[in-house]
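Commentary on secondary and tertiary structure
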Amino acid sequence: MRNRGVERVHARCGCRPVPGQKGRLRGTRWLRAFAVLPLLASVLAACGSDEGSGRPTLNWYNFPDDSGALQKAADRCSQASGGRYRISYNKLPRAADGQRQQLVRRLAAEDDSLDILGLDVTWAAEFAEARWIREWTGTARRRAVAGTLRVPLQTSTWKGELYAVPYNTNTQLLWYRKDLVPTPPRTWAEMLDMAGALARQGKPHFVEIQGAQYEGLTVWFNTLINSAGGSILNASATEPSLGPPAVRAAGIMRELANSPAADPSLPNQMEDQNRLAMESGAAAFELNYPFVYPSMKANNPALFKNFRWAPYPRVDPNRPARPTIGGIDLAVSAYSRHPDLAFEAALCLRNRENQLTAALEGGLPPTLRALYDEPAFMKEYPFSQDVLAALESASVRPITPVYQNVSIAVSHTLSPPSGIKPVSSVNTIGEQIDDALRSEGVIP
């Protein structure tokens, strides 16, 4: 750690004499010194201890992975470097907001102990515009793009330049009970009709989906508006697009929320509550990510026998659905002291072997196209071709540095879904997004 690190610790702690307290200065110095020591120790630890030996430690900050797949990747790449670097996997907070908050604060302070950053797929534009991450160019860019799925690459791109490399991805499918629904619905209208028919028969009939006031609600709206042929922002991300497709999307959300298909807990439900409701036997349909498959297998083997999957429902019968993708992109910090090594290490972390491990052990769908034909992956993911098809026609959330504000405008306006007024709600969203893009107004 450079001497600047000590100065930053003092700056963050505000360790300065207080005017008018000269007589207490000596004592407070000792108290402040003791207060600084634990923080200084943690900062030094984050920097790694191999600098003196000539082998740099590259600090990789990513979401907390309980499967061990990320740690295996760090260990493999450290060994593969032939002693040129060691990767230290540092876990960010579990919640996405907490992850972003920690990274933003440290990058704003020009913290040079960050090297490789695991970014949510909605952050690259914001971080690139702030000049917190480095552009991928030359050989590194060519290697990052080669064999990578097209739609995940969009999340790593800002103003035509690549600022990260897709590490993993994710998308939703329709999950349903074959004992209740012999043939899965192709459209939202068909699904709501089927749910209504099941309700009249006194059978499980809920459609489980994310209706709480959070990012999942924005994802639902984004999927529907793209499936209807529209988008939240225009192609240049300079103003709202919305229009009739947005009104139609909002109308579908309202229709579900006020129909027998709606779980009474819809306004408070996130992905895990949807999973639990399906596993309890209360639902017939679920729009969710592939993690629900192994969970159902482990938690309700009897129901698992009739647990099936299908493509995400369409808005229009003749237009494929465009489910919104998730995932993590790897970026290199603008303040890394070893940027060349960090680019090399990031490519290693997301190589074929490590993405396969992350998929099989961590449940994270890969971004490398070839892995969807890998026998081991296809065995573990019997729905792999459906995931691939969804990814190839998928949509991304608005790519803009003010995405956080855009998402808040959407989720606050559309919550609860039963209270949506399609035309006026979409107008409100448009006005708030327009203010956010112009850095005006107050976002709720």
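Residues numbered from 1 in each chain as written. Predicted model: local features only at pLDDT ≥ 70, side-chain atom pairs only at ≥ 80, totals over all residues. Heavy atoms only, no water.

Another aspect to go through is the state of the cysteines. By the definition in use, this model includes one disulfide. Shown here is the disulfide that connects C77 with C348, its sulfur atoms set 2.1 Å apart. Looking along the S-S bond of the C77-C348 disulfide, the torsion reads about -95°, which is the left-handed sense. Residue C77 is located in helix α3 (residues 69–80), and its partner C348 is located in helix α14 (residues 339–349); the two are separated by 271 residues in the primary sequence. One exposure class covers both C77 and C348, and it is buried. (Disulfide = S-S within 2.5 Å. Helix = DSSP H or I, 4+ residues; strand = E, 2+ residues; numbered from the N terminus. Buried < 20%, exposed > 50% of the residue type's maximum accessible area, 1.4 Å probe, protein only.)

Moving on to helix α17 (residues 384–392). Taken together, the buried positions of α17 are S384, V387, L388, A390 and L391. With its buried residues spanning 160° around the axis, α17 presents them on a single face. Against the buried residues of α17 lie α7 (150–155), β6 (165–170), β7 (173–177) and α16 (375–380). (Arc of directions from axis to C-beta. Contact = heavy atoms within 4.5 Å.)

With that settled, consider the sheet that holds β7. Ordered in space as β8-β9-β7-β10, the four strands form an open sheet in which the pairing is mixed. Each having just a single partner strand, β8 (206–208) and β10 (307–310) make up the two edges of the open sheet. Between one strand axis and the next, the sheet turns by 20° as a mean value, whatever way the strands run. Looking at chain direction, β7 and β10 are connected through four bridges and run antiparallel. Residue L174 lies in a different strand from β10, and its bridge partner there is A310. Strand contacts of helix α8 (residues 188–200): β7, β8 and β9 (283–288), with the helix running at about 150° to β9, the strand carrying the most contacts. The strands touched by helix α11 (residues 271–280) are β7, β8, β9 and β10; relative to β9, the strand with the most contacts, the crossing angle is about 155°. (Pairing = 2+ DSSP bridges. Axes fitted to C-alpha atoms, helices over the stretch in contact; angles between N-to-C directions.)

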